[in-house]
Amino acid sequence: MIQTLEKMMVSVKSVIATVIQVRNPGADDGFCKECDRNHNSGEGSVFCSTCGTQEYAPMGSGKCYNCPSCTETDNFLSCLLSGLQTMISDDEQELVIQRCAVAAGAVLECEHQTFDNEFGTYTVPKLPRGEIDRQPCAYDTDTLLQATFTCLADISGMNSVINEVYSCVTTKKMHELESLVFDADDDFDPEEVAGLLEELTSEKMGVPAVSLALDVVDVLLEESTDSLSDNMAQSLLDSLSNVADAVADQSDQDIGMHELVHMSETVIAQLKTIAQSKTSPSLITSQNFGAMRKVADSERSTVVLEIPSYGSLDGIEDGRLDGRLDGKGGPSLAV
């Protein structure tokens, strides 16, 4: 009987020990030594209780601490970090800050958004703060070129915003031009293409856009040999003027000397073709260039051009046409 009772006592102790272990991971003497993150245990307790919504506790601390009292008017994240009451490992610091940020009303995720810009349309799902969404560029075939969206804290730290970074090369207008001129099965309308080209070149351009613009000008000149209307010639001249500005804006890292020389020579050759292909001998001008078709007229062997003093060739006049051969209207250039 006594032996049976002793066996029962051993069995009961074993069950109690097992229950305590479940309630208190790591406990061996009635104290909660290894409570989970954001839980605590009072002395002698066999349970780990959850900290309050305005409190935090590192893993195994056994004690809850009040979150720092920080508002949107403070430098929020710095306030939280400096106000923590106990030493926290680097691994846990971000988790604790997030808990206290939520308690203070901070938004720690970025809502679903759609971005529509020159590089295409991108739909970004809801992202937790710190998460990244990468998508292939809409108009580039190179899969290494990506649109990257990162959910970050705003300057106050209270809200979250998506930061956009694009390594894309081909823009929407470049894609439209390429499709219209080089990919279309049917003949294109040169006037329509010239209009799109002028739109493309009027915006900030990198080297790929400049190269495409020059290729399109070549195609348009081939399509309009010896029959270039003044409107078309003016549109192409304006586009080339924009290209010249874009090339001048490129840094040494963006464009090499060989490529720069090639582009310059291409522009000069295209300007000559525009002047030779114009249907009328009238002068056309742009910000950087002017063009006039040479006529078989001995009286026009010399042309005096009145150049505006403000530095732009847009507005240059044919001095011969209004009798001002001496250039008194401003600086002049005899050709």
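For the structure itself, consult the block above.
Here's what I pulled together on the structure shown here.

Parameters and conventions
Residues numbered from 1 in each chain as written. Predicted model: local features only at pLDDT ≥ 70, side-chain atom pairs only at ≥ 80, totals over all residues. Heavy atoms only, no water. Buried < 20%, exposed > 50% of the residue type's maximum accessible area, 1.4 Å probe, protein only. Helix = DSSP H or I, 4+ residues; strand = E, 2+ residues; numbered from the N terminus. Pairing = 2+ DSSP bridges. 1 Å grid on protein atoms, 1.4 Å probe; cavity = no way out; pocket = protein on both sides within 12 Å on 5 of 7 lines; lining within 4 Å. Points joined across faces, edges and corners; volume = space filled by probe spheres on them. Contact = heavy atoms within 4.5 Å. Disulfide = S-S within 2.5 Å.

### Examining the pairing of strand S7 (residues 120-124)
Looking along a regular strand, one sees side chains alternate from face to face of the sheet.
Part 1 of the reasoning: Of the two faces of S7, only the one carrying Gly-120, Tyr-122 and Val-124 is buried; Thr-121 and Thr-123 on the other face are not.
Part 2 of the reasoning: Relative to S7, strand S6 (residues 113-117) runs antiparallel, the two being bridged by 5 bridges. What sits directly across from Thr-114, in S7, is Thr-123.
Part 3 of the reasoning: Connecting S6 to the antiparallel partner S7 that follows it, the hairpin turn spans 2 residues.

### Section: the layout of surface pockets
Part 1 of the reasoning: Empty space within the second largest pocket amounts to approximately 200 Å³.
Part 2 of the reasoning: Forming the boundary of the second largest pocket are 14 residues, of which Glu-118, Phe-119, Thr-171, Lys-204 and Gly-206 lie nearest the centre.

### Here we look at the environment of Cys-70
Part 1 of the reasoning: As for its position among the elements, Cys-70 is in the loop between strand S4 (65-66) and helix H2 (76-83).
Part 2 of the reasoning: Cys-70 has contacts with Phe-76, Cys-79, Leu-80 and Ala-104, leaving out every residue within four places of it along the chain.

### What about unusual backbone geometry?
Part 1 of the reasoning: Positive phi values are uncommon outside glycine, yet Asn-38 reaches one of about 65 degrees.
Part 2 of the reasoning: Mapped onto the secondary structure, Asn-38 falls in the loop between helix H1 (2-23) and strand S1 (39-40).
Part 3 of the reasoning: The class for Asn-38 is buried, based on a relative accessible area of 13%.

### With respect to the state of the cysteines
Part 1 of the reasoning: Summed over all chains, the structure comprises 5 disulfides.
Part 2 of the reasoning: Disulfide partner of Cys-35: Cys-48, at an S-S distance of 2.2 Å. Looking down the S-S bond of the Cys-35 and Cys-48 bridge, the torsion is -85 degrees, so its handedness is left-handed. In this pair, Cys-35 is assigned in the loop between H1 and S1 and Cys-48 in the loop between S1 and strand S2 (49-50), connecting sequence segments 13 residues apart.

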